[in-house]
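Here's the letter readout for the chains.
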Amino acid sequence: DDLRDLANAIRSEPEVRVAVLVGSPDGERVALVASVEKGAGHAAGELLLEAAKAVGGGTNPKAQDVAVAGGKDVGRIDEALRIVREKLGI
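What counts as what
What you see as residue numbers is a count from 1 along each chain, following the sequence as written. pLDDT decides what is reported in this predicted model: residues at 70 or higher carry local features, side-chain atom pairs at 80 or more are listed and counted, and totals for whole chains, interfaces and linings draw on all residues regardless. Neither water nor hydrogens contribute to the side-chain values; these are computed over all heavy atoms in the structure. Secondary structure is summarised from DSSP: a helix means a run of H or I of at least four residues, a strand means a run of E of at least two, and numbering begins at the N terminus for each. Each axis is a line fitted through C-alpha atoms, taken for helices only over the stretch in contact, and angles between the N-to-C directions span 0 to 180 degrees. Our angle categories are set so that under 35 degrees counts as roughly parallel, over 145 as roughly antiparallel, 65 to 115 as roughly perpendicular, and the remainder as oblique. Left-handed describes a crossing whose near helix is turned anticlockwise from the far helix through less than a right angle; right-handed describes the clockwise counterpart. By definition in these notes, contact holds between two residues if any of their heavy atoms fall within 4.5 Å. Basically, the charged four are Asp, Glu, Lys and Arg, the nonpolar ten are Ala, Val, Leu, Ile, Met, Phe, Trp, Tyr, Cys and Pro, and anything else, Gly included, counts as polar. Should a side-chain nitrogen of Lys or Arg be within 4 Å of a carboxyl oxygen of Asp or Glu, the pair is scored as a salt bridge. For each residue, the accessible area found with a 1.4 Å probe, counting protein chains only, is set against the maximum for its type, and the residue is called buried under 20%, exposed over 50%, and partly exposed in between.

**Notes on unusual backbone geometry**
A positive phi angle is found at Glu15, which is not glycine, with a value near 75 degrees. Structurally, the position occupied by Glu15 is in the loop between α1 (2–11) and β1 (18–23).

Next comes the structure, spelled out in structure tokens:
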């Protein structure tokens, strides 16, 4: 919940249309959150789908504004971030 609240707070800042956060609350599990402004051209769930798979988890690809995902492979967090960056074109 805290990660989702933080992503929403970041996304609500001027000029920020998409916020994606990844963390590991206990060093054993991965939490991913995407918060997307309407009209940004991305669906939150689609942004996280492949990233969640990379860390051994999943998400709802149809989620539009906010998506939450989880996984169990903390060693692949960098890979998950690379996937999201690629989807965003950054």
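So, next bit.
**Here we look at the packing of helix α2 (residues 44–54) against helix α3 (residues 77–88)**
Remark: α2 packs on α3, axes separated minimally by 8 Å, with the N-to-C direction vectors making an angle of 155 degrees. In terms of axis orientation, α2 runs roughly antiparallel to α3. Judged by the twist between their axes, the crossing of α2 over α3 is right-handed. Residues Glu46, Leu47, Leu48, Glu50, Ala51 and Ala54 of α2 pack against Glu79, Ala80, Ile83, Val84, Lys87 and Leu88 of α3. Looking at the contact of α2 with α3 residue by residue, the class counts come to eight nonpolar, no polar and four charged.

**A few points about the pattern of salt bridges**
Oppositely charged side chains can form a pair if their charged atoms are brought close together. Tallying each qualifying case throughout the model produces seven salt bridges. A salt bridge links Glu37 to Arg17; the shortest N-O distance between them is 2.7 Å. One end of the pair, Glu37, is in the loop between β2 (30–36) and α2; the other, Arg17, is in the loop between α1 and β1, and 20 residues separate them in sequence. Salt-bridge contacts for Lys53 lead to Glu50; the nearest nitrogen and oxygen are separated by 3.6 Å. Of this pair, Lys53 and Glu50 both sit in helix α2, separated by three residues, roughly a single helical turn. Since its relative accessible area comes to 35%, Glu50 is described here as partly exposed. Overlapping salt bridges, with partners in common, bring together Arg11, Arg17 and Glu37 in one network.

**A short note on the environment of Pro25**
Of note, Pro25 is situated in the loop between β1 and β2. With relative accessibility at 60%, the residue Pro25 sits in the exposed group. Counting along the chain gives 17 residues from Pro25 to Asn8, while the straight-line C-alpha distance between them is 18 Å.

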